[in-house]
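# Report on the structure
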Amino acid sequence: MSPDEWQAHVTTESALAMGRWLEARGRLDRPIASLTRKDLECMASNAISRFIVLASERRTQAPEPKERAALDLLLMG
């Protein structure tokens, strides 16, 4: 998977994590403006968590040292 394909995959997976969080709480049909700050923080946390898992998996499979180094920087903060 190319870096661009991987980025598209991660974006989709992160959005799905946010959608699953909303759906589990019965808030999928509510406008985003009606969500509380805590709701938004939880959605963001789910998306970030999903990114970390996917980036960690990708890091172990990264075909190029340059991409692996970039993922190391992202994951170490």
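Summary of the structure given here. Computed from a predicted structure; not experimentally measured.

Within the protein one finds three helices and zero strands. Its helices and strands taken in sequence order, the protein reads α-α-α from the N to the C terminus. For the protein, the C-alpha radius of gyration of 15 Å lies well beyond 11 Å, the compact-globule estimate for 77 residues. Along the first, second and third principal axes, the C-alpha atoms of the protein reach 45 × 25 × 15 Å. Out of the 77 residues in the protein, the part that is buried amounts to 22%.

Moving on, we come to the pattern of salt bridges. Between side chains of opposite charge, pairing is possible as soon as their charged atoms come close. Overall, the coordinates contain four salt bridges when judged by the stated rule. A salt bridge links Glu 41 to Arg 37; its shortest N-O distance comes to 2.8 Å. With a gap of four residues between them, Glu 41 and Arg 37 both fall in helix H2 (residues 37-61), about one helical turn apart. You can call Glu 41 partly exposed: its relative accessible area is 43%. Given a relative accessible area of 65%, Arg 37 falls into the exposed group. A salt bridge links Asp 72 to Arg 59; the shortest N-O distance between them is 2.5 Å. Here Arg 59 lies in helix H2 and Asp 72 lies in helix H3 (residues 65-76), a separation of 13 residues in the sequence. Using a relative accessible area of 23% as the deciding quantity, one classes Asp 72 as partly exposed.

This brings us to a nonpolar patch on the surface. Taken together, Ile 48, Ile 52, Leu 74 and Leu 75 make up a surface patch of nonpolar side chains, about 350 Å² in accessible area. Broken down by secondary-structure element, the contributors of at least two residues to the nonpolar patch are H2 and H3. Mapped onto the secondary structure, Ile 48 falls in helix H2.

This brings us to the packing of H2 against H3. As a packed pair, H2 and H3 sit with axes 9 Å apart at the nearest point and diverge in direction by 150°. The angle between H2 and H3 places the two elements in the roughly antiparallel class. For the pair H2 and H3, the sense of crossing is left-handed. Taking contact as the criterion, the partners of Phe 51, Ile 52, Ala 55, Ser 56, Arg 58, Arg 59 and Thr 60 in H2 are, on H3, Glu 67, Arg 68, Leu 71, Asp 72, Leu 74 and Leu 75. Across the contact of H2 with H3, the residue classes tally to six nonpolar, two polar and five charged.

Calculation rules
Residues numbered from 1 in each chain as written. Predicted model: local features only at pLDDT ≥ 70, side-chain atom pairs only at ≥ 80, totals over all residues. Heavy atoms only, no water. Helix = DSSP H or I, 4+ residues; strand = E, 2+ residues; numbered from the N terminus. Rg over C-alpha atoms; globule rule 2.2 N^0.38 Å. Buried < 20%, exposed > 50% of the residue type's maximum accessible area, 1.4 Å probe, protein only. Salt bridge = Lys/Arg side-chain N within 4 Å of Asp/Glu carboxyl O. Patch = residues over 30% accessible without salt bridge, like charges linked within 9 Å, V, L, I, M, F, W, Y side chains within 5 Å. Areas by Shrake-Rupley, 256 points an atom, 1.4 Å probe, with all protein chains shown as cover. Axes fitted to C-alpha atoms, helices over the stretch in contact; angles between N-to-C directions. Parallel < 35°, antiparallel > 145°, perpendicular 65-115°, else oblique. Left-handed = near helix turned anticlockwise from the far one by under 90°. Contact = heavy atoms within 4.5 Å. Nonpolar A, V, L, I, M, F, W, Y, C, P; charged D, E, K, R; others polar.

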